[in-house]
Each structure stands twice: as structure tokens, then as C-alpha cells.
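Inside the fold
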Amino acid sequence: MERTSAEAPATTALVRLTDVRKSFPLPDGPPLVAVNDVSLSIAAGAAVALTGPSGSGKSTLLHLIGAIERSDGGTIDVGGQEVTGLSGRALSAYRRSVGFVFQRFHLLPTLTALDNVVAPLIPFRTDFDKVARARELLALVGLADRAAALPSRLSGGQQQRVAIARALINQPALLLADEPTGNLDSQNSAAIVDLLLKLRDEQGTTLVMATHDAGIAARCDRAVQMRDGRLTSVDR
Ligand SMILES: Nc1ncnc2c1ncn2[C@@H]1O[C@H](COP(=O)(O)OP(=O)(O)OP(=O)(O)O)[C@@H](O)[C@H]1O
Ligand SMILES: [Mg+2]
């Protein structure tokens, strides 16, 4: 019998990096090559851990994928869009389409949890109720009852859950997390990783997470290791 393409579906890559490079100028001497000819393909719906020693280029690579920083060379294709060439409105729209979670939460201290989640959408008109969606997301991360709390009244784990809800307000297909548990104790770390993997399982959000924690990396589908700006190993 003839095989049809439906029997052997190709895995769709959401992110395709080809020979991506980024250098930073140094005051004396040659520029520092933070990301050195990195090529990597990430399937839609995958949970990928980015590991490697301090200074190996993990954050820089996440910033390039999220277009927080611009690469010097190579191509970054996300969902069929070439990210490196974007500017102006297209660049802002792309940045809004990707969720980013930081190690230090970066919540606005004078806004409530609810307003922090709504914040990325405040300048924009939307065809849905922003506040209602923000409440749904706070419920999703287990903080429905803390919507009115200021960040200073929340634990580190709770603040990170608010930051995750905020990263999800635009329903991103791609969530980039830079050591999201780096400032949390082991119990809160486990809860945050549970939450991120649940989002991947239930909503199909592709997850790329920089982490120093081998236990967390082992819970992802794949672990990709960096050293001195290069990918040194790609497991599984
Ligand atoms: N804005 C910058 N200017 C100059 N050098 C930078 C800049 N950002 C990063 N670097 C350098 O690029 C290299 C990679 O840094 P990066 O922050 O990506 O590493 P990392 O793997 O995330 O490290 P960590 O695990 O400590 O977070 C480092 O040598 C760092 O000093
Ligand atoms: Mg880093």
C-alpha cells in the first residue's frame, strides 16, 4: 500500500535558527562573540531546555529569538517569519507575539497583579476583554484570589506566576523563559516548571527555557547545551 503523507506527518519546526551570530564590542580588544554560528530547529509544541555554564550565551540566544536584541548574522525564522529583518511596527508586533519570562520577574511594583498582567496590552485596542482575559490567566496560574495584590505582597513564586500570566496575555505560540526559577526555592521552582509544562501540554505553547538546573532540563523533551557561544550538544 502506498504511504500517504498523513501516515508520516513531518514535525513542523516553529523556530529555525541558521548560523546565528551575535558579538558585543569590548572597550579594548576584539569583540566578544556571545553566540557563535548557532543552528537549531525547535518543533512546534516542544519543551526545550537551554543549558550551559554562566556566560555561554543562553540569555543572548533567547534575546535574539525574542528580537530583544538583533543578531549580526544568520537567520531566525519563527513561524515562517524572518525575525532578523523586522523593524518598526512589524518588529513591535513580533515582540508582542512572543512571551518572555525573566529570572527577576520584572513586575511593575506600583501595579496590582491584575494590572501587571494587563500591562502589555494597555496601549492597544483588542477585540476581547483584556481584564477578563487577565483574570482567566491569573486563575490559570493559581492566583485568582490575589488579583488585587501588589507584587511586594506576593512571594517570589507567586510573583513569577504573575509574570508568566503576563507573558501569556497575547496568547503566544512561543514562550521564552530565562532561568525562570533562578530566584526561587526548590518547592517553588518545581511548581513553576509544572506550570510551564502544563501550558505546553494543554495549550501547545512551545517552550524554550534557559536553566542551570539539570533536574529541570531532564523534565523537558530536549536539552540543548551551549559553551562559549556554540551549541555543544543536542540531546534527544
Ligand atoms: N550587553 C552586553 N555587552 C557586552 N557583553 C555582553 C552583553 N550581554 C552579554 N554579554 C557577554 O556575552 C556572553 C554571553 O552572555 P549571556 O548573558 O548570554 O550568558 P548566559 O549563558 O545567559 O550566562 P548566565 O548563565 O550567567 O545567565 C558573556 O560573556 C557576557 O559577558
Ligand atoms: Mg543568562
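These notes cover the structure that comes with them. Computed from a predicted model, the values in this text were never measured in an experiment.

With respect to the sheet that holds strand 2 (residues 32-43)
- Here four strands make up an open sheet; going across it, the order is 2-1-4-5 and the pairing antiparallel. The two strands at the open ends of the sheet, each matched to only one other strand, are strand 2 and strand 5 (81-82).
- With two bridges joining them, strand 4 (residues 73-78) and strand 5 adopt antiparallel strand pairing. By the bridge assignment, Asp77 is partnered in strand 5 with Glu82.
- Contacts between helix 1 (residues 58-65) and the sheet are confined to strand 1 (13-24), strand 2 and strand 4, with strand 1 contributing the most and set at about 120° to the helix.

Focus on the packing of aromatic side chains
- Enumeration over the complete set of coordinates arrives at one aromatic pair.
- Of note, Arg133 hangs over the ring of Phe128, and the distance from its end group to the ring centre comes to 3.4 Å.

A few points about the sheet that holds strand 3 (residues 47-51)
- Read from one edge of the open sheet, six strands run 6-7-8-3-9-10, paired in mixed fashion. Of all the strands in the sheet, the pair left with one neighbour each is strand 6 (98-101) and strand 10 (230-234). Put simply, the sheet's adjacent strands are angled 20° from each other on average, direction ignored.
- Packed on one face of the sheet, helix 1 meets strand 3, strand 6, strand 7 (174-178), strand 8 (206-210) and strand 9 (222-227) and runs near 155° to strand 7.
- Sitting on the sheet, helix 6 (residues 186-203) touches strand 3, strand 7 and strand 8, and the angle it makes with strand 8 is about 155°.

Digging into the nonpolar core
- Grouped together as the largest cluster of nonpolar side chains are 40 residues, with contacts concentrated most on Val117, Leu138, Val162, Ile164, Leu175 and Leu196.
- Looking at this core, the elements with two or more residues in it are strand 3, helix 3 (113-118), helix 4 (130-140), helix 5 (156-167), strand 7, helix 6, strand 8 and helix 7 (214-219).
- Per-element tally for this core: the top contributor is helix 6, with six residues.
- Leave out the neighbours within four places in its chain, and Leu138 touches Ala113, Leu114, Val117, Leu143, Ala144, Ala147, Val162 and Ala165.
- Counting residues in each nonpolar core, the second largest holds 30 residues, with Val38, Val48, Leu174 and Leu176 among its members.

Thresholds applied
- Residues numbered from 1 in each chain as written.
- Chains lettered and ligands numbered in written order.
- Predicted model: local features only at pLDDT ≥ 70, side-chain atom pairs only at ≥ 80, totals over all residues.
- Heavy atoms only, no water.
- Pairing = 2+ DSSP bridges.
- Helix = DSSP H or I, 4+ residues; strand = E, 2+ residues; numbered from the N terminus.
- Contact = heavy atoms within 4.5 Å.
- Axes fitted to C-alpha atoms, helices over the stretch in contact; angles between N-to-C directions.
- Phe/Tyr/Trp six-rings, centres within 6.5 Å; stacked < 30°, edge-to-face > 60°.
- Lys NZ or Arg CZ within 6 Å of the ring centre and 35° of its normal.
- Core = buried A, V, L, I, M, F, W, Y, C linked by side-chain atoms within 4.5 Å.
- Buried < 20%, exposed > 50% of the residue type's maximum accessible area, 1.4 Å probe, protein only.

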